[in-house]
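# Chain and residue survey
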Amino acid sequence: MPTVPWIKVDTPVAPEALIMASRLEVRSLRQVPGFLMASMRLLRQACRAPGALGVSLKAELLKRTFWTVSAWTDKAAVYSYAASEPHKTTMRRKRAVMRDSTFLFWEVPADRLPLAWDEVQRRISQERDPDGGAGPASS
């Protein structure tokens, strides 16, 4: 199950949508199955959350990396989802198995939904390494 395709939850009424994207990496392959199961529960929760417009999940199981992208009406809706159960407790519990995580927010015109995974991954990669891997020049 490498990718859960975009699930449209609601139709945007505003011209802009708030995107929340994440890259989550677990410490070991042993932790991948549990993290995947938890991710699927949280995806189902997001599909029922007020203010959610759409969601998708991409799991690179052998790389121990999970990517999420979701569209929301506003930050209040995202924060309400994150503070509610089971998300709140699941994320607190899963922090212990996480090696690395990156979260990113931006706005897009609502008519651009769903976003392509290459755009999501490019933005997160740029956030993680703003220099694009270019270190200082050596003489």
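Residues numbered from 1 in each chain as written. Predicted model: local features only at pLDDT ≥ 70, side-chain atom pairs only at ≥ 80, totals over all residues. Heavy atoms only, no water.

One open sheet holds the five strands; their spatial order is S1-S3-S4-S2-S5, and the pairing between them is antiparallel. Across the chains shown, the open sheet's two edge strands, defined by having one partner strand only, are strand S1 (3-8) and strand S5 (98-109). The mean angle between the axes of side-by-side strands here comes to 10°, regardless of whether they run parallel or antiparallel. Sheet topology note: the strand S2 (residues 16-26)/strand S4 (residues 65-72) ladder contains eight bridges and is antiparallel. Looking at S4, one finds that Glu-25 is bridged to Thr-65. Across the sheet, helix H4 (residues 117-128) touches S1, S2, strand S3 (52-60), S4 and S5, and the angle it forms with S5 is around 120°. (Pairing = 2+ DSSP bridges. Helix = DSSP H or I, 4+ residues; strand = E, 2+ residues; numbered from the N terminus. Axes fitted to C-alpha atoms, helices over the stretch in contact; angles between N-to-C directions. Contact = heavy atoms within 4.5 Å.)

Take the environment of Glu-16 next. With respect to the helices, strands and loops of the structure, Glu-16 is situated in strand S2. By relative accessible area, which is 35% here, Glu-16 ends up partly exposed. Expressed as a C-alpha distance, the spacing of Glu-16 and Leu-113, which sit 97 residues apart in the sequence, is 10.0 Å. In this structure, Glu-16 is in contact with Glu-107, Val-108, Pro-109 and Ala-110, ignoring residues within four places of it in sequence. (Buried < 20%, exposed > 50% of the residue type's maximum accessible area, 1.4 Å probe, protein only.)

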